[in-house]
Amino acid sequence: MPAKPHEEAFDPKPVLDLIASIEADLQRLKGLVEQQVEKFDPANPHNKAPDGKLTEEGVECCYRLFDEGKSRYTVAQQMKISFAAATHRFNNWRKLGGTKRQRALLG
């Protein structure tokens, strides 16, 4: 009776290492994309028109600061607007639904 050929044992280590490497790369890419999406600069000059009024991006920037729980005083300082202007934006933000409002795209 002929001997059965020796079956090679499957070594899962190279496959698991490859999966771990791919997962690490995906997490790194996800972090890069999330940073770009989440970042906004309250002091960006594009937030204000030449007449000093807030542009649509500036208004959205104010709303996002309110989304983060910032106070009207903090928003006024960071956006370099008056407290009255920050209060006006805060009231509009609340009318739009606060944190549940539809976010506009920045950039």
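Residues numbered from 1 in each chain as written. Predicted model: local features only at pLDDT ≥ 70, side-chain atom pairs only at ≥ 80, totals over all residues. Heavy atoms only, no water.

Participant: Could you clarify how one ought to interpret helix α4 (residues 83–95) in this entry?
Facilitator: Every α-helical turn comprises 3.6 residues, leaving residues that sit three or four positions apart pointing alike. A rise of 1.5 Å per residue sets the reference length of α4, with its 13 residues, at 18 Å; its end C-alpha atoms lie 18 Å apart and thus fit the reference within 8%. What α4 keeps buried is the set Ala-86, Thr-87, Arg-89, Phe-90, Asn-92 and Trp-93. Turning to α4, the residues buried within the fold contact α2 (56–67) and α3 (72–79). Just beyond α4, the residue with positive phi is Gly-97, at close to 110 degrees. (Helix = DSSP H or I, 4+ residues; strand = E, 2+ residues; numbered from the N terminus. Expected span 1.5 Å × (residues − 1). Buried < 20%, exposed > 50% of the residue type's maximum accessible area, 1.4 Å probe, protein only. Contact = heavy atoms within 4.5 Å.)

Participant: When you look at the nonpolar core in this model, what are you seeing that I'm missing?
Facilitator: Where a protein is soluble and globular, its nonpolar side chains tend to be buried together. Membership of the largest hydrophobic core comes to 15 residues, with the highest contact counts inside it found for Leu-54, Cys-62, Phe-66, Val-75, Met-79 and Ile-81. A per-element tally of this core places α2 first, with 6 residues. (Core = buried A, V, L, I, M, F, W, Y, C linked by side-chain atoms within 4.5 Å.)

Participant: When you look at α2 in this model, what are you seeing that I'm missing?
Facilitator: With 12 residues, α2 should reach 16 Å at 1.5 Å per residue; the first-to-last C-alpha distance of 16 Å fits that figure. The buried fraction of α2 amounts to 10 of the 12 residues, a majority that puts the element mostly inside the structure. Within α2, burial applies to Gly-58, Val-59, Glu-60, Cys-61, Cys-62, Tyr-63, Arg-64, Leu-65, Phe-66 and Asp-67. Once α2 ends, the next one or two residues include Gly-69, with phi positive near 90 degrees.

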